[in-house]
Amino acid sequence: MRAASDMPRPGRRIRERNPGRGRIVLVVAAVAVFVLITSLRGIAGFYTDYLWFDSVGQTQVWRTVLGSKLALAVLFTGAFFALLWVNLLVADRNAPAFRAAGPEEDLVERYQQVIGGRTGLVRAGVSLVFAVIAGAGVSSQWNSWILFLNGGDFGRQDPQFGRDIGFYVFQLPFLSFLTSWLFAAVVIVLIVTGVAHYLNGGIRLQVPGPERVTAAVRVHMSVLLGLLALVRAAGYYLQQYELTVSTRGTVDGATYTDVNVQLPAIQLLMLISVGSFLLFIVNIRRKGWVLPVLGVGLWALVALLAGTIVPALVQRFQVEPSESTREQEFIRRNIEATRFAIGLDTVEVDEFRPDFDIGDQELADNADVIDNIRLWDPEENVLGATYQTLQALRGFYEVGDIDIDRYEIDGETTQVAIAARELNRSNVPQQSWEGTTLAYTHGYGVIAAPTNERETDGSPNFAVSGVPLRDGAGLGIEEPGLYFGEGQDGYVIVDSRRQEIDYEDESGTPVPTDYTGADGVDMGSFVRRAAFALRFGDVNPLVSNNVTDDSRILYFRDVRERLHNVAPFLSFDADPYPAVVDGRITWIVDGYTTTDRFPYAQRAITDGLDGTASGLDRRFNYARNSVKATVDAYDGTITLHVVDDEDPIIAAYEQAFPDLFADEAPSEDLLAHFRYPEDLFRVQTNMWARYHIEEPGAFYTNSGGWIVARDPGTAAASSAQAATPTSPTTVDQEAPPRQQNRYEPIYQLTRLPGRTEQEFVMLRPYSPVPSPGGEERQQLTAYLVADSDPENYGRLTSFEVNGEFPDGPGLVFNSIQSDVAVAEQRRLLCQGEGATCTFANIVIVPIEDSLLYVQPLYVRGGANSPALLRRIIVEYDGEVAIAGSLRDALAGLPQFEDVPETPDDIPIEDDLDPDADPAPPADTEDPADPVEPADPDDVAALLVEAQSFFDAADAALA
């Protein structure tokens, strides 16, 4: 025994322990500092997100979404922690006082020595780790949670269970998630608790006989297994409702096998699960696991046979051989549900009986329709290239997407191609932080031209153009600055010491300006500047002397990103479009509510959508264009107008976010520029191709089915190497990849058959569905039209051909390409060096009970040259004519003689003598040889030569 003098004194023992504790404190502090430093950018992003929401007056959205995420994470983490902690406590309290000797005793002894008296701490630590893992990811269910709390009824029941659709859309998704989460949570608790019992000695795997599991452990594990069976029974109860969106049968929804085999199997499994729960409870008073094992074995057997094998056999050998008969009732349910869910239940069907017997009188009666035929194609390689070349004006401007809208010009409703002149920061002359962030901060104005007019050189007749802005259309634009637009990334700082440049005048002199808009986050403190420096990974906002206390920073300047931030629960159209509304340039974007839980509705066909931009390029079977969103191009003001009060989903969001949506109705000026949304119309036309059929038998065989007419590849450029008139060019419809696509919806101002007024509509044609393995027929079977005018907005009309099918756009394109006059004119126009001819999309123009096809032909002198409108091609009842104006082209058809004057009927500079001998094809010339001078007596060749010189001069100027 040690002497008393050798024993350590209490004070000395304390001093010896302090250095160890100090090292622990230092390590903890170092870890905390490291975590703080590595989290600074995330903290800065969180803080600046709040500042942005505060600047646009939508902190309620920020708080509601964040609060829902935190509530779910805390609630589920806490629930799992409590569940596991209680079970571990029970495991510790039921640890046997005496353990039988065995091979596992050493392991248990070492475990007990390691934890010592820290059992409670270990229990809490283990529970917390698993709880964080199980609960943190639940925050992703915030949207389902909000709908669960705020959703109401649809006022419409499903045909199988008779429950309101609101249950399937609002309650079922979250309840299904909850039961799945509970099942997984109980499984984890069961496993962790079993390990705890093992380490406490209650379970001894290597001890023979009944002493492997103590009575207390058996009771505990039986309760947990019973709870697991009960949760599974709840899951089966909800799973029967999930059958309403089954994809097993010939259509979506609960079909024959689901209703007659799968549903009884699920109900049987639910009963077995409840029975298994009772067996586990009974097992508390029994020794052994015979009854629970029988219950689980029966459940597994039924799940395998009745839940999987039998339905597959019934589907294959009983349903498929007589599918049309057995699935008839379920197909009828699917047709009705799909029509309602995709917005096709209100489509008006009009008979269209083609009568190609109109003459000069009918043309005169429809002069307004002829005058408004769209001659300018908004495609990027046509009008996009022309606008960019002629109206960008400065290298740092970029003309965005061209959109079709209508405006009152000179007292007449005129179809207009409009685009924004946006800033391209990568081309700013001063490529410094100061230049791209403080000086060149915004784009300038819009460009607009009527789609039915042109200048003498074939360029658009601009109604709004130039820098500074020339508003020849009288749109009354008050503020042309564009701080917000499409593709505007990064940030800019306004109200700094560095003067902003509004634009450069014709001499290149910068014209200064000061931003006076409402948007922007104040940068008046060091903390804010540091936060923005961290957020954007750029120290300049923190250290620049040009940034003052009055400076403001603008970010989230892309309109779609901006809207997604304030309304993350909505899907947005891929095509925001600018409009001049009440004197201001305003971006208009269509917002959608969607769900994939509508009972019996078919999954939407999303072919043709922009996969990178469209919010509808996802899985859904219900959609409504419930919101029209606007973003002011100058100050970024966001307004969300609810335009479909009958949509229960948007009603739920209005209840959850009462301050987000506008209380006032859209102004009349704004209503006048609403367009039926492109993405939704694409989906609806895709679906209507089959869902116009109402009779289940015909639907099943697709008898009378359609497909959207093929895009004939009209946007593909055709080079100067044209065929001779005796061997005209033909187009292989299978070759270009674009020709595999479908006819794009086209906005146009026209008068539809049977109506008395012109309307701004969108149109898409159909062709007969091809037989299996057969070639695609390209006649016209119908066309679907959507109205955009305020008085009839949203009206869908299907004009269905009754009688012999006329030629569709694909056959018309073939006729145009094989026409001798077209081939000759194309060669004459396109033989200059670098010259290319581009055919516009074919425009379908209904005139009374006839169809007129119009296809403009553009010429570009080179890659940097504008596409100029040189020829108009028309096709009517199999006859093709080409001329320098629409009027002359119509007059070239044998059916017409006295054609009214059209807005494009002006002399053009490149008119060629159609009777002159054509010059040799360009592909017969060796590019290395000098060009032979034209024959002085060959007028056509002289004109072509002159045109090539003009094109070269235009390219040089550009």
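Residues numbered from 1 in each chain as written. Predicted model: local features only at pLDDT ≥ 70, side-chain atom pairs only at ≥ 80, totals over all residues. Heavy atoms only, no water.

Novice: A description of the sheet that holds strand 10 (residues 492–494) should follow, citing residues and the corresponding values.
Specialist: Reading across the sheet, the 3 strands line up as 10-14-13 and stay open at both edges, with antiparallel pairing between neighbours. Looking at strand neighbours, the two that pair on one side only are strand 10 and strand 13 (521–522), the edges of this open sheet. (Pairing = 2+ DSSP bridges. Helix = DSSP H or I, 4+ residues; strand = E, 2+ residues; numbered from the N terminus.)

Novice: Can you lay out the side chain of N452 for me, pointing to particular residues and giving the numbers?
Specialist: The topology assignment puts N452 in the loop between strand 6 (446–450) and strand 7 (464–465). One polar contact links the side chain of N452 to the main-chain carbonyl oxygen of D371, over a distance of 2.5 Å. Once residues within four sequence positions are removed from consideration, N452 is found in contact with D371, N372, I373, L375, P903 and D904. (Polar contact = N/O pair within 3.5 Å; in protein donor to acceptor, adjacent residues only side chain to side chain. Contact = heavy atoms within 4.5 Å.)

Novice: Tell me about the environment of R248, and name the residues and values.
Specialist: With respect to the helices, strands and loops of the structure, R248 is situated in the loop between helix 7 (215–242) and helix 8 (256–282). C-alpha separation for the pair R248 and P311, spaced 63 residues apart in sequence, amounts to 9.9 Å. Residues contacting R248, with those up to four places away along its chain left out, are T257, D258, Q262, P311, A312 and Q315. Among the polar contacts made by the side chain of R248, one reaches the side chain of D258 at a distance of 3.0 Å.

Novice: Please provide a residue-by-residue account of unusual backbone geometry, values included.
Specialist: That bond from V467 to P468 is cis: its omega, 0 degrees, falls within 30 degrees of zero. One non-glycine residue, F556, adopts positive backbone phi at about 55 degrees. Locating F556 in the fold gives a position in the loop between strand 14 (552–554) and helix 18 (559–566). On the basis of relative accessibility, which here comes to 12%, the residue F556 falls in the buried class. Even without being a glycine, D877 presents a positive backbone phi close to 55 degrees. Looking at where D877 falls in the secondary structure, it is placed in the loop between strand 29 (868–876) and strand 30 (879–883). (Buried < 20%, exposed > 50% of the residue type's maximum accessible area, 1.4 Å probe, protein only.)

Novice: Please set out the state of the cysteines residue by residue, giving values where relevant.
Specialist: In the structure shown here, the tally under the stated rule is 1 disulfide. C830 shares a disulfide with C837; S-S distance 1.5 Å. Residues C830 and C837 share a disulfide whose torsion about the S-S bond is about 60 degrees; that sign makes it right-handed. The exposure class assigned to C837 is buried, which follows from its relative accessible area of 0%. (Disulfide = S-S within 2.5 Å.)

Novice: Explain the pairing of strand 16 (residues 577–581) to me, using residue names and the numbers behind them.
Specialist: Across the 5 residues that make up strand 16, a large majority, 5, are buried. The alternating pattern of strand 16 places Y577, A579 and V581 and P578 and V580 on opposite faces, both of which are buried. Direction of pairing for strand 16 relative to strand 17 (residues 584–595): antiparallel, over a ladder of 5 bridges. Residue pairing across strands places Y577 opposite I588, the latter belonging to strand 17.

Novice: Which residues make up the packing of aromatic side chains, and what are the values?
Specialist: Inspection of every chain in the model, using the stated rule, returns 45 aromatic pairs. An angle of 65 degrees between the planes, with centres 4.9 Å apart, marks the rings of Y50 and W62 as edge-to-face. On the criterion of sequence distance, the pair formed by Y50 in helix 1 (residues 10–55) and W62 in helix 2 (residues 59–93) is long-range, its members being 12 residues apart. Judged by relative accessible area, which is 17%, W62 ranks as buried. A centroid spacing of 5.5 Å and a plane angle of 85 degrees characterise the contact between Y237 and Y241, whose relative ring orientation is edge-to-face. Here Y237 pairs with Y241, and both are found in helix 7, just 4 residues apart, close to one helical turn. Every member of this aromatic cluster is reached through a ring pair, and the members are W52, F53, Y491, F532, F536, Y555 and F556. For the cation-ring pair, R624 lies above F340, with the distance from its terminal atom to the ring centre recorded as 5.1 Å. The residue whose ring lies beneath R675 is Y577, and the NZ or CZ to ring-centre distance is 4.0 Å. (Phe/Tyr/Trp six-rings, centres within 6.5 Å; stacked < 30°, edge-to-face > 60°. Lys NZ or Arg CZ within 6 Å of the ring centre and 35° of its normal.)

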